[in-house]
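# Analysis of the macromolecular model
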Amino acid sequence: MTVRRTLRTCVLATCVLLPALALTACGDDRTAAPKSLSGYELSPAPVVGTLALPDASQGDATFPFKAASGRLLITYFGYMSCPDVCPTTLNEVKNALKDVGADAGQVDLAMITVDPGRDTGENLTKYVQSFVPTAHALRTDDPDALQTAADAFGVKFSVTEKANGAIEVTHSAALYVVDATGTIVLTWPFGIERDGIAADLQILFERGVK
């Protein structure tokens, strides 16, 4: 079955919406999510817990894509210079965590930059923690490691420099919820609003977080 993901092209201070790309994942079929869920589940669910990247917010300590026991990890691939897609998405997460209330203390956020050439660890940390103070800023100068992580989540991205020196970045704009087994249990497409995020988190906790 075909899964559609929405990409945005960000050139300096301008973001232009690209047509959704049709991405076919062999053996991964989207199952009908319960009507109460705003996000969607994949079957079989991707497992990313064996992968890790340096966490700039923790002195470049290794950060595995796996939530701590009894917690959930929201993961997002983006970059600091994105003028609207990334800040809009992160702001929705910020507000959703406020709506969740006490359970928000059981949710972590990690942002992986797809533009490490411009996003330093210090600046990325300040950026993502301006939305969620406890958020993790993941960054690597190893293109293979970044690509491997992106592939595991089904993320597409590119960073290119045009002849006039302008930097063009494209990236998948979904949010991914990972549990303590390192499994992606839910994906939120770009455009998800705070109400949908908050309601889905509460449903996941009611189901029982590993």
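Residues numbered from 1 in each chain as written. Predicted model: local features only at pLDDT ≥ 70, side-chain atom pairs only at ≥ 80, totals over all residues. Heavy atoms only, no water.

### Some details on the overall build of the protein
Assigned secondary structure in the protein consists of four helices and 15 strands. Looking at the protein residue by residue over its 210 residues, the buried ones come to 50%. Within the protein, contacts between residues separated by at least 24 positions form 66% of all contacts whose residues are at least 6 apart in sequence. A total of about 9,500 Å² of accessible surface is found on the protein, and carbon and sulfur atoms cover 52% of it. (Helix = DSSP H or I, 4+ residues; strand = E, 2+ residues; numbered from the N terminus. Buried < 20%, exposed > 50% of the residue type's maximum accessible area, 1.4 Å probe, protein only. Contact = heavy atoms within 4.5 Å. Areas by Shrake-Rupley, 256 points an atom, 1.4 Å probe, with all protein chains shown as cover.)

### Observations concerning helix H1 (residues 85-100)
Its 16 residues give H1 an end-to-end C-alpha distance of 23 Å, which sits within 8% of 22 Å, the value for a rise of 1.5 Å per residue. For H1, the full list of buried residues reads Val85, Cys86, Pro87, Thr89, Leu90, Glu92, Val93, Asn95, Ala96, Leu97 and Val100. Trailing H1 by a residue or two, Gly101 shows a phi angle of about 80°, which is positive. (Expected span 1.5 Å × (residues − 1).)

### Focus on the nonpolar core
Phe153, Trp188 and Leu201 are the most contacted members of the largest nonpolar core, which totals 60 residues. When residues of this core are assigned to their parent elements, the largest contribution, seven residues, is made by H1. Setting aside chain neighbours within four positions, we find Trp188 in contact with Ser38, Gly39, Ile74, Ala174, Leu175, Val177, Gly196, Ile197, Asp200 and Leu201. (Core = buried A, V, L, I, M, F, W, Y, C linked by side-chain atoms within 4.5 Å.)

### A short note on the side chain of His136
Tracing the chain through its elements places His136 in strand S11 (residues 136-138). Not counting residues within four places of it along the chain, the set of residues in contact with His136 comprises Asp55, Ser57, Gln58, Phe63, Leu109, Ala110, Met111 and Val128.

### Topic: the confidence of the model for the protein
Looking at the protein, pLDDT values average 86 and 83% of them are 70 or higher. Within the model, pLDDT remains below 50 along residues 1-29, and this stretch shows 85 contacts once partners closer than five positions in the same chain are excluded. (pLDDT = per-residue confidence, 0-100.)

### Topic: the environment of Arg118
With respect to the helices and strands, Arg118 occurs in the loop between strand S10 (107-113) and helix H2 (121-129). Setting aside residues no more than four positions away along its own chain, Arg118 makes contact with Tyr79, Ser81, Ile167 and Val169. At 2.6 Å, the side chain of Arg118 and the side chain of Asp115 are in polar contact. (Polar contact = N/O pair within 3.5 Å; in protein donor to acceptor, adjacent residues only side chain to side chain.)

### Here's the deal with helix H3 (residues 143-153)
Because an α-helix packs 3.6 residues into every turn, residues spaced three or four apart end up facing the same way. Restricting attention to buried positions, one finds in H3 the residues Leu146, Ala149, Ala150 and Phe153. All buried residues of H3 project into a common sector of 100° when viewed along the axis, lining one side. You can read the cap of H3 off the contacts: a side-chain oxygen lies 2.9 Å from the backbone nitrogen of Asp144, and it is on Asp142. Gly154 sits one or two positions beyond H3 and adopts a positive phi of about 80°. (Arc of directions from axis to C-beta.)

### Let's talk about the packing of aromatic side chains
The full count for this structure, using the stated rule, is four aromatic pairs. On the basis of an interplanar angle of 65° and a centroid distance of 5.3 Å, the ring pair of Phe153 and Tyr176 is categorised as edge-to-face. In this pair, Phe153 is assigned in helix H3 and Tyr176 in strand S14 (residues 175-178), connecting sequence segments 23 residues apart. Taking the relative accessible area as the measure of exposure, Phe153 reaches 3% and is therefore buried. (Phe/Tyr/Trp six-rings, centres within 6.5 Å; stacked < 30°, edge-to-face > 60°.)

### Focus: the pattern of salt bridges
Applying the stated criterion across every chain yields a total of seven salt bridges. Residues Lys162 and Glu168 are paired through a salt bridge, measuring 3.3 Å at the closest nitrogen-oxygen approach. (Salt bridge = Lys/Arg side-chain N within 4 Å of Asp/Glu carboxyl O.)

### Things to note about unusual backbone geometry
Most peptide bonds are trans, and most residues other than glycine sit at a negative phi. With an omega of 0°, the peptide bond running from Ser43 to Pro44 counts as cis. The phi angle at Asp60 is positive, at roughly 65°, despite the residue not being glycine. Of the residues examined, Asp60 reaches a relative accessible area of 51% and is grouped as exposed.

### Observations regarding the side chain of Asp119
Note that Asp119 resides in the loop between S10 and H2. Despite its burial, Asp119 remains without a salt bridge, the nearest opposite charge being carried by Arg118 at 5.7 Å. Ignoring anything within four residues of it in the chain, the contact list for Asp119 reads Tyr79, Met80, Thr113, Leu124 and Arg139. (Lys, Arg positive; Asp, Glu negative; His and termini not counted.)

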